[in-house]
Amino acid sequence: QIAFAPQPAPLPAGRHFALDIVVCPPPGAAMPAALVVDADMPAHRHGMNYRAGVTALGGGRFRADGMMFHMAGRWRLIFDLPAADGRPARRLTQEIDLR
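None of the values given here were measured: they were computed from a predicted structure.

Draft legend 1. How the structure looks around the sheet that holds strand 8 (residues 90–98). Strand order across the open sheet formed by four strands is 4-3-7-8, with antiparallel pairing between neighbours. With partners counted over all chains shown, the strands left at the sheet margins are strand 4 (46–47) and strand 8, one partner each. One ladder, built from two bridges, connects strand 3 (residues 36–41) with strand 4; its direction is antiparallel. Paired with methionine 41 across the bridge in strand 4 is histidine 46.

In structure tokens form, the structure reads like this:
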């Protein structure tokens, strides 16, 4: 599971924001060392105009900086957790309705 809090809150349209993120792996699973964060608008078939930089803070905590939803509408946050053993990344998503 992933929990996140936008900075600033609520999420702004047309302004940069950051996400403070906590990853809670399933029991017995290793804590991820990396995380990739992106977003898209499925209905419009495009993503963000900016690429987020993600910093690992330790203990399953991460910070994604430099994100921007450049227009209002339904966005999908995408969190990819790369596997340490070469398996495909695990993808988690969360829809956001930005009005």
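Now that the structure has been shown, we can carry on.
Draft legend 2. The arrangement of the side chain of aspartate 40 in detail. Secondary-structure assignment places aspartate 40 in strand 3. Within the structure, the side chain of aspartate 40 is placed 2.5 Å from the side chain of arginine 76, a separation counted as a polar contact. Those residues in contact with aspartate 40 that lie beyond four places of it in its chain are His46, Gly47, Arg74, Trp75, Arg76 and Ile78.

Draft legend 3. Molecular detail of the environment of alanine 39. Relative to the assigned elements, alanine 39 resides in strand 3. Given the relative accessible area of 1%, alanine 39 is considered buried.

Draft legend 4. Layout of the sheet that holds strand 5 (residues 53–58). Here we have four strands laid out as an open sheet, ordered 1-2-6-5, and antiparallel in their pairing. In the strand order of this sheet, the two ends are held by strand 1 (2–7) and strand 5, each with one partner. Shown here is a sheet whose adjacent strand axes are inclined to one another by a mean of 20°, direction ignored. As judged from the six bridges shared by strand 1 and strand 2 (residues 16–23), these two strands associate in the antiparallel manner. Looking across to strand 2, one finds that alanine 5 is bridged to aspartate 20.

Draft legend 5. Representation of the environment of proline 25 within the structure. Residue placement: proline 25 occurs in the loop between strand 2 and strand 3. Proline 25 sits in the partly exposed class, given a relative accessible area of 25%. When the C-alpha atoms of proline 25 and glycine 60 are compared, they prove to be 8.5 Å apart, with 35 residues separating the residues in sequence. Not counting chain neighbours up to four residues away, the residues in contact with proline 25 comprise Ala30, Met31 and Pro32.

Conventions and cut-offs
Residues numbered from 1 in each chain as written. Predicted model: local features only at pLDDT ≥ 70, side-chain atom pairs only at ≥ 80, totals over all residues. Heavy atoms only, no water. Pairing = 2+ DSSP bridges. Helix = DSSP H or I, 4+ residues; strand = E, 2+ residues; numbered from the N terminus. Polar contact = N/O pair within 3.5 Å; in protein donor to acceptor, adjacent residues only side chain to side chain. Contact = heavy atoms within 4.5 Å. Buried < 20%, exposed > 50% of the residue type's maximum accessible area, 1.4 Å probe, protein only. Axes fitted to C-alpha atoms, helices over the stretch in contact; angles between N-to-C directions.

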